[in-house]
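# Residue-level structural notes
Chain residues, written in single-letter form:
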Amino acid sequence: MDAGLPLTVELAERVVDQANRTAPSSVIRADWVSALNFVYGAMVGYQAEDGGNPLQAVNIERLISALRLLQNSAEHEVAPFVSAWKPGALGVGGGRLAGNMGQSLVTAIEKVASGGVGATVGRRDVVSGVSDIARAATRKGNPEAFVKAENMILESLSELLGDLKTVEYLAPLAELALNQPGGLDVVTLNYDLAVEQMATDTDTEIERGIGGWKPGSPLRFPSVDGRINLYKLHGSLDWVERRAADGMAAPEIEVKSVDGEEEPGSYRSYHQKPWIVVGDREKLATDGPTLALLRAAEDALRRTTHLVVIGYSFSDAHINSLVRNWMLGNAKRTIGIVDTQWDRRNLGEFRTALLREYGSTSGRRSRVVALPGTTKDRIREALVRLPDESSDPYATVQAVEAQENLVRVSIRLHGPDLYAARINVARDGFSGWGVDTFKTAAEVQDEPQNRSSWKVASFEHWVSGSEVEVFARGPVSDVSKLSIYGDRLDGATPETFDIDVES
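Quick caveat, the model's predicted, so the values are computed rather than measured.

Before going further, it helps to examine the pattern of salt bridges. Enumeration according to the criterion identifies 19 salt bridges in this entry. A salt bridge links Lys-165 to Asp-163; the shortest N-O distance between them is 2.7 Å. For the salt bridge of Glu-254 with Lys-256, the shortest nitrogen-to-oxygen distance reads 2.8 Å. One network of salt bridges, with partners in common, ties together Glu-196, Arg-208, Lys-232 and Asp-238.

Here we take up the sheet that holds strand β2 (residues 205–207). Judged by pairing direction, the sheet is parallel, and its three strands sit side by side in the order β1-β3-β2 without closing on themselves. Only two strands of the sheet have a single neighbouring strand rather than two, namely β1 (184–188) and β2. Sheet twist, expressed as the mean angle between neighbouring strand axes with direction ignored, is 25 degrees. One ladder, built from three bridges, connects β2 with strand β3 (residues 227–232); its direction is parallel. Bridge pairing links Glu-205 to Arg-227 in β3. Here helix α7 (residues 171–179) sits on the sheet in contact with β1 and β3, set at roughly 125 degrees to β3. The sheet strands contacting helix α9 (residues 290–302) are β1 and β3, and the helix crosses β3 at an angle near 135 degrees.

The pLDDT averaged across the protein chain works out to 80; a share of 79% of its residues lies at or above 70. Contacts from residues 258–271, a stretch scored under 50 in pLDDT, to residues over four places away or in other chains number 33 contacts.

What follows concerns the sheet that holds strand β9 (residues 334–339). Ordered by their spatial adjacency, three strands build an open sheet running β8-β9-β10, and the pairing between neighbours is parallel. If you trace the sheet from one side to the other, it starts and ends with β8 (306–310) and β10 (368–372), each paired once. If you compare each strand with its neighbour and ignore which way they point, the axes differ by 10 degrees on average. Relative to β9, β8 runs parallel, the two being bridged by five bridges. Bridging across to β9, Val-309 finds its partner in Ile-337. Against the sheet, helix α10 (residues 317–329) touches β8 and β9, its axis set at about 145 degrees to β9. Across the sheet, helix α11 (residues 349–358) is in contact with β9 and β10; its angle to β9 comes to roughly 145 degrees.

This part is about the side chain of Asp-339. Structurally, Asp-339 is set in strand β9. The exposure class of Asp-339 is buried, given its relative accessible area of 9%. Here the side chain of Asp-339 touches Arg-351 through a polar contact of 3.2 Å, side chain to side chain.

For the rest of this paragraph, the subject is the pairing of strand β18 (residues 495–502). Here β18 shows a buried face lined by Glu-495, Phe-497, Ile-499 and Val-501 and an unburied face lined by Thr-496, Asp-498, Asp-500 and Glu-502. Two elements, strand β11 (residues 395–403) and β18, share two bridges in a ladder whose sense is parallel. The residue of β18 that forms the bridge with Gln-398 is Glu-502. Bridging between strand β17 (residues 479–488) and β18 involves six bridges; their strand directions are antiparallel. Along β18, the bridge assignment pairs Lys-481 with Asp-500. Counting the residues in the hairpin turn of β17 and β18 gives six residues.

Here is what the cut-offs are and how they apply
- Residues numbered from 1 in each chain as written.
- Predicted model: local features only at pLDDT ≥ 70, side-chain atom pairs only at ≥ 80, totals over all residues.
- Heavy atoms only, no water.
- Salt bridge = Lys/Arg side-chain N within 4 Å of Asp/Glu carboxyl O.
- Pairing = 2+ DSSP bridges.
- Helix = DSSP H or I, 4+ residues; strand = E, 2+ residues; numbered from the N terminus.
- Axes fitted to C-alpha atoms, helices over the stretch in contact; angles between N-to-C directions.
- Contact = heavy atoms within 4.5 Å.
- pLDDT = per-residue confidence, 0-100.
- Buried < 20%, exposed > 50% of the residue type's maximum accessible area, 1.4 Å probe, protein only.
- Polar contact = N/O pair within 3.5 Å; in protein donor to acceptor, adjacent residues only side chain to side chain.

Following this line, the structure appears as structure tokens:
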């Protein structure tokens, strides 16, 4: 995102728009464009039927998965359970009727029913219309259109993902590779060339392992000071599959430069179908270096004690398994997660389980660092920040007498950020003495003496290092303890901290 490239949903929109720009007229529109429009439109409509957000219905991965399924839908394992495929799902022309067919048939039937001069013509038109319906119902269509649509999408990705606006924000990767013994291992699921471009711009050595790789052999990524080892698990825009004439020979991967020559040092985009692993269900393809890359990534993980995850939605089951198994392997291993979507109410199944198993709870130190924000804003911090030690104290509190029978309580948070935080003040051992952060001292003084009229102070987001002030009734000597309750982003459950108050 920070490089100016489209994300998965926008990428699907751009692909469809680009395809239709090549053939804007329905008269000359290619079958593959019609097939692409059919799939995209059907997926949007299906999401909207249940009130879902149609703008989030299609990303590039789901779009390509659907196209691949429909290339051979009749042979799919669920085909015996589908009573009728949606018209068009068997390919362009399959089950398709002319747009005016329904009205023409109605007109013909009305002529026959009238018994007038046009009845004979009407009967002929009825027979013709029913015949057309029968032919459409049995027509197999052209599934090759879905094959062509997929190929055209893959070819267009080089152009759509080749226009990098900036990669300067990735420079901390090069700095860490230079300063950390053994260099840096970067495992990516992206197939763009942002990391490669950054390495070129910063004169940083980079190894992707694919140059000289032969099927059946492992990929080697030795640790080298100052070097970035880049594991592109889902392929790269500048990788092309080369198949040998011998049917038993496995496909190999060659690296293409802008002029089409084998030149691993060049990372510019080009107009060719790249070797990338894309789609929801095809990411463990056995052809090519996929499995070798996964094994190499596992070796890289075993060398580290801290994994930084940036911009990954935890939606790939095989990658989640890699992360889960690595965390299980050693209790000292920790993980940091940078994500713009750190909503505790909608973390997804895997991240929720991760926090439940390894997040902070009372008496347990968190093994997770939660960093909400973009790569550009948080990457430098993410590469060096480890899970917070148990802050002792989690907060410091000072109470001073603001005026007679009114205490001003200043609280500075030292531990991790808190969300949905609440504050209670304890007076003479009674917890729940209310406080109110939204009134001045004079306004608080004018409040009725009825304790129930006081509100418990609350904060949607309390940033670590910041200070808040609340007011409480009574002499300062009576305010001895304060309780903070809230969610930590790196926590499994809400926590309560009891803080002694300094007068």
